[in-house]
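# Examining the three-dimensional arrangement
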2 protein chains.
Amino acid sequence: MTMTIKKSGNFGPDLAFSINAKVKAARAKFGKENVINAVLGTLADDEGNIIALDSVYNRLETMDRGLIASYAPIEGEKAFRETVLKILFADNKPDAYIEVVSTPGGTGAIRNGIFSYADIGDPVICHDYFWQPYKKMCIEFDRDFRTYNYLTKDFKFDLEAYKACQDEALKDHDRLVSIINSPGNNPTGYSLSDEEWDEVLEISKKAANKGKKISLIIDVAYIEFAGDGEQKRFFKKFSNLPENLMVLVAFSMSKAYTAYGLRSGAVIGISSSKEVIEDFKNAMATSARVNWSNGVHAPQLILVDLAKDENKGEYDKELLSLKAMLKERADVFIREAEAHKVEMIPYFGGFFAFIPTTKAFDIVENLEKENIFTIPSAKGIRIALCATNKRDIVKLVERIAFYMNK
Amino acid sequence: MTMTIKKSGNFGPDLAFSINAKVKAARAKFGKENVINAVLGTLADDEGNIIALDSVYNRLETMDRGLIASYAPIEGEKAFRETVLKILFADNKPDAYIEVVSTPGGTGAIRNGIFSYADIGDPVICHDYFWQPYKKMCIEFDRDFRTYNYLTKDFKFDLEAYKACQDEALKDHDRLVSIINSPGNNPTGYSLSDEEWDEVLEISKKAANKGKKISLIIDVAYIEFAGDGEQKRFFKKFSNLPENLMVLVAFSMSKAYTAYGLRSGAVIGISSSKEVIEDFKNAMATSARVNWSNGVHAPQLILVDLAKDENKGEYDKELLSLKAMLKERADVFIREAEAHKVEMIPYFGGFFAFIPTTKAFDIVENLEKENIFTIPSAKGIRIALCATNKRDIVKLVERIAFYMNK
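The structure displayed is predicted, hence computed values, not measured ones.

### Focus on the interface of chain A and chain B
Contacts between the two partners involve 81 residues from chain A and, on the opposite side, 80 residues from chain B. At the boundary of chain A with chain B, total buried surface from both sides reaches about 7,100 Å², with 59% on carbon and sulfur atoms. Along the contact surface separating chain A from chain B lie 4 salt bridges. One salt bridge in this structure joins Arg65 of chain B and Glu61 of chain A, with 3.0 Å as the shortest N-O distance.

### Brief notes about the relation of the copies chain A and chain B
Once chain A has been moved 0.0 Å along the axis and rotated by 180°, it coincides with chain B to within an RMSD of 0.0 Å. Interpreted geometrically, this transformation is the action of a two-fold axis. When C-alpha positions in chain A are compared against the rotation axis, the closest is assigned to Glu61 of chain A, at 2.3 Å. In this assembly the copies share their binding face: 99% of the residues contributing to the interface of chain A also contribute to that of chain B.

### Remarks on the packing of aromatic side chains
Going through the model one piece at a time under the given rule, you end up with 50 aromatic pairs over all chains. Centre to centre, the rings of Tyr222 of chain B and Phe352 of chain B are 5.8 Å apart; their planes meet at 75°, and the pair counts as edge-to-face. Separated by 130 residues along the polypeptide, Tyr222 of chain B in the loop between β6 (213-219) and β7 (245-252) and Phe352 of chain B in strand β9 (residues 352-356) bring together distant segments of the chain. The exposure classification of Tyr222 of chain B matches that of Phe352 of chain B, with both residues buried. Taken together, a centroid distance of 5.8 Å and an interplanar angle of 90° make the contact between Phe234 of chain B and Phe238 of chain B edge-to-face. Phe238 of chain B shares its class with Phe234 of chain B; the two are buried. Every member of this aromatic cluster is reached through a ring pair, and the members are Tyr129, Tyr148, Tyr150, Phe157, Tyr162, Tyr190, Phe348 and Phe354 of chain A. Here Arg143 of chain B stacks its cationic end above the ring of Phe115 of chain B, 5.0 Å away from the centre of that ring. In this arrangement the basic side chain of Arg382 of chain B is found over the ring face of Phe352 of chain B, its NZ or CZ atom lying 3.7 Å from the centre.

### Some thoughts on the pattern of salt bridges
Going through the model one piece at a time under the given rule, you end up with 54 salt bridges over all chains. The salt bridge involving Lys22 of chain B is made with Glu368 of chain B; its shortest N-O contact spans 2.9 Å. One end of the pair, Lys22 of chain B, is in helix α1 (residues 15-30); the other, Glu368 of chain B, is in helix α12 (residues 360-369), with 346 residues separating them in the sequence. The class of Lys22 of chain B is partly exposed, set by a relative accessible area of 41%. The class of Glu368 of chain B is buried, set by a relative accessible area of 16%. One network of salt bridges, with partners in common, ties together Arg59, Asp305, Lys308 and Glu314 of chain A.

### Structural notes on the nonpolar core
Core analysis: the biggest nonpolar cluster contains 250 residues, and Ile268 and Phe333 of chain A together with Ile268 of chain B have the highest contact counts within it. Sequence-distant contacts of Phe333 of chain A, defined by excluding residues within four places in its chain, comprise Met344, Ala353, Ile355, Ile383, Leu385, Ile393, Leu396 and Val397 of chain A. Counting residues in hydrophobic clusters, the runner-up holds 60 residues, among them Phe130 of chain A together with Val101, Val124 and Met246 of chain B.

### A few points about the sheet that holds strand β3 (residues 123-127) of chain A
Residue and element names in this part refer to chain A. Here 7 strands make up an open sheet; going across it, the order is β2-β8-β7-β6-β5-β3-β4 and the pairing mixed. On the outer flanks of this sheet lie β2 (97-103) and β4 (144-148), each paired with one strand and no other. Adjacent strand axes in the sheet meet at a mean angle of 20°, parallel and antiparallel pairs treated alike. Bridge analysis of β3 against strand β5 (residues 175-181) gives 3 bridges, and the strand direction is parallel.

### Quick word on the side chain of Arg111 of chain A
As for its placement among the helices and strands, Arg111 of chain A is situated in helix α5 (residues 105-117). Residues within four places of Arg111 of chain A in sequence aside, it is in contact with Met137, Phe141, Ser287, Asn291 and Trp292 of chain A together with Arg111, Glu140, Phe141, Val290 and Asn291 of chain B.

### What to know about the domain arrangement of chain A
Residue and element names in this part refer to chain A. As assigned here, chain A comprises domain 1 (6-54 + 311-404) and domain 2 (71-306). Taking only C-alpha atoms into account, the centre of domain 1 sits 25 Å from that of domain 2. Between domain 1 and domain 2, the residue contacts involve 33 residues of the former and 28 residues of the latter. Note on domain 1 versus domain 2: buried area summed over both sides is about 2,800 Å², and carbon and sulfur give 62% of it. Along the contact surface separating domain 1 from domain 2 lie 2 salt bridges. Counting across the interface, domain 1 meets domain 2 through 11 residue pairs in polar contact (both at pLDDT 80 or more).

### A look at the environment of Lys379 of chain B
Residues and elements named next belong to chain B. Residue placement: Lys379 occurs in the loop between β11 (375-377) and β12 (380-384). Classification of Lys379 as partly exposed rests on a relative accessible area of 29%. Taking the C-alpha atoms as reference points, Lys379 and Pro356, 23 residues apart in sequence, are found 5.7 Å from one another. Residues in contact with Lys379, not counting those within four places in the same chain, are Asp128, Tyr129, Asn149, Phe354, Ile355, Pro356 and Thr357.

### Things to note about helix α5 (residues 105-117) of chain B
The terminal C-alpha atoms of α5 of chain B, which comprises 13 residues, lie 19 Å apart, in line with the 18 Å expected from a rise of 1.5 Å per residue. Of all 13 residues in α5 of chain B, 13 are buried, a share of seventy percent or more.

### So, the packing of helix α12 (residues 360-369) of chain A against helix α13 (residues 390-404) of chain A
Residues and elements named next belong to chain A. Put simply, α12 and α13 touch, their axes get as near as 10 Å, and they point 130° apart. Comparing the axis directions of α12 and α13 gives the class oblique. For α12 against α13, the interelement crossing comes out right-handed. Each of Ile363, Asn366 and Leu367 in α12 lies in contact with α13, whose residues at this interface are Arg399, Ile400, Tyr403 and Met404. In the contact of α12 with α13, the residues fall into 5 nonpolar, 1 polar and 1 charged.

Rules and cut-offs
- Residues numbered from 1 in each chain as written.
- Chains lettered and ligands numbered in written order.
- Predicted model: local features only at pLDDT ≥ 70, side-chain atom pairs only at ≥ 80, totals over all residues.
- Heavy atoms only, no water.
- Contact = heavy atoms within 4.5 Å.
- Buried area = accessible area lost by both parts, 1.4 Å probe.
- Salt bridge = Lys/Arg side-chain N within 4 Å of Asp/Glu carboxyl O.
- Least-squares fit on C-alpha atoms with pLDDT ≥ 70 in both.
- Phe/Tyr/Trp six-rings, centres within 6.5 Å; stacked < 30°, edge-to-face > 60°.
- Helix = DSSP H or I, 4+ residues; strand = E, 2+ residues; numbered from the N terminus.
- Buried < 20%, exposed > 50% of the residue type's maximum accessible area, 1.4 Å probe, protein only.
- Lys NZ or Arg CZ within 6 Å of the ring centre and 35° of its normal.
- Core = buried A, V, L, I, M, F, W, Y, C linked by side-chain atoms within 4.5 Å.
- Pairing = 2+ DSSP bridges.
- Axes fitted to C-alpha atoms, helices over the stretch in contact; angles between N-to-C directions.
- Domains from an automatic or database assignment.
- Polar contact = N/O pair within 3.5 Å; in protein donor to acceptor, adjacent residues only side chain to side chain.
- Expected span 1.5 Å × (residues − 1).
- Parallel < 35°, antiparallel > 145°, perpendicular 65-115°, else oblique.
- Left-handed = near helix turned anticlockwise from the far one by under 90°.
- Nonpolar A, V, L, I, M, F, W, Y, C, P; charged D, E, K, R; others polar.

Written out as structure tokens, the structure is:
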């Protein structure tokens, strides 16, 4: 006998966090230097130690304790919400009504979007390489998670598959949520091009023009590591959309501020309708209140402080060094993959590289025997470039090539 | 037109946080010393400044930054989960299978309990003085929130009303969740006696023996401020219950560790069945993953450190001084209420005192004109003793008496 309701979670343990536990055990047994950890999406230095930015943690250490201790407003500090927009859009703020509500990381933002913009049984569509919690959210909330083929054979966004999936889903439904994780997609590292975004919006508008309610949730967790500004141009395209085509953006402080364990993010709503955006704000604030009450206060205040003119340089410098580190590792990965003739999905940015293979679970099992840890899926192997140094990447690609050709 | 699903939140702003915004405005306009703030449930010193315990925030400031930055495990640090049990139960650990999963404050714990132990349309019963988010959670998740008369005329827990509400709810349902906020109930300050707990369990067992699935969610947010140990004796009663009578306890670090803004708590499951408790752990971890991913890391580690033998004295001393401060204020409140012949609900502990009246909204409006801020409801006025000094309490009771007799 069990006491929970039937659909309540029996997925078993989360794969990434389970494998991470194996990494910890292996490190304890064999020594950190003998274990390659390409599992979890946290930035580590070349010695495998997690990076915590000085600009962020100096502020935490010196912040007024009363502020840290106190509740943040339910929707988040006003200055935080304004700062999120400034940072997120840079010069590409869409011409639209826009609201922001704080959430615990990107997870809370996506959860809120799915919960409020798809009803029970409604379709939630996503590319078929995806962050597993999207699907788990849909199972938990009884939404109908459907996937389409992500990439064509020549590794472009498969617009035909996208349209077919949308049309099929809308045959017997009046609303649809589409989750797109770009730029620097997890797990592939792929980013939609500006032209691909144009097409996605065209496809969405076609459905909206037929009276369907279409909500796009864009997960941009890796956006600061996926370009030097040009990766934000697509935001501008969310100007003047039909009022029944809504865009939600999931913003996270986890990666760009090395603040994973502080759980801070935001959901941003973009709409051409004032009514729609007010409803968005109410719905998001209510979901906050009933699920986690309010956000962690300190990281909201840190974000605001770091965005001030006099402090921006300090943070930007640290972010640049993280980006450079990640790029060097990605360059090595790409070079080695080519040398070993291992096919990979084009890497545009983000924390991960991806090797498509149907033998991922076998290969990963073999790698684990050599104390090399990665994440397998039906589609291939995810490698956390964020966590691995260049020397380990060379070895890791060599061993993957070995098992792929075996 | 709106884009969210119909039931998605249009409750308007949260009352406590809205009134708190008025407090801030009044303080800015009239000066802090001219505003009486008896609104929000955060402990303030006699000057109205939020209290942040040294033992907690010294540790935050000196904690390894990599630990703060890193993700906690989804279910929470193992040592945290063990420490929660030690602190929560003291010598009253029930003889049962017990599991713990971390949550963002008590809110996350209660939300998880309602979501996984009542299905859509299932009854969730609660005393009719209650923390508003309970009801909002049920609306959001489409659970059937029902209340029963909390207190008899002589201010005892109304067991007859409780039983009638349970029986009525179970007429056409096979499962029921019952939320009880005790000891030191918010908003009343009432605590169920050990004998009242015996009766509640008897009533629950009767339904369980008929094959109904009964889940009690006990919100103990204020437990450390509602006695000197004896208020935890009731936990022992959760030993050897029928396997279809489940107990969940919502633990929060917010109050006893002055860590409101750090969002840390836990949900504790208690069951006589190993299967039931394993299902509990899976369901709670899944809900964590899909709603907020994982808990804030730092407060989990702080809790563990503070519970160590060598540090316990340091924290206990601080907690004792908070309790003493709160008790002094409550004593003044009770004395003044008596002097002015203002009826109040018996205060056993917690952050709030409560004056029953049907004119609460009128009275509170008048009080606000004098820069005295409290929380009104249909049942009466909630006064945050945690936030108000003794001098202000004297004035506040006098003004309430004035408007009550007007």
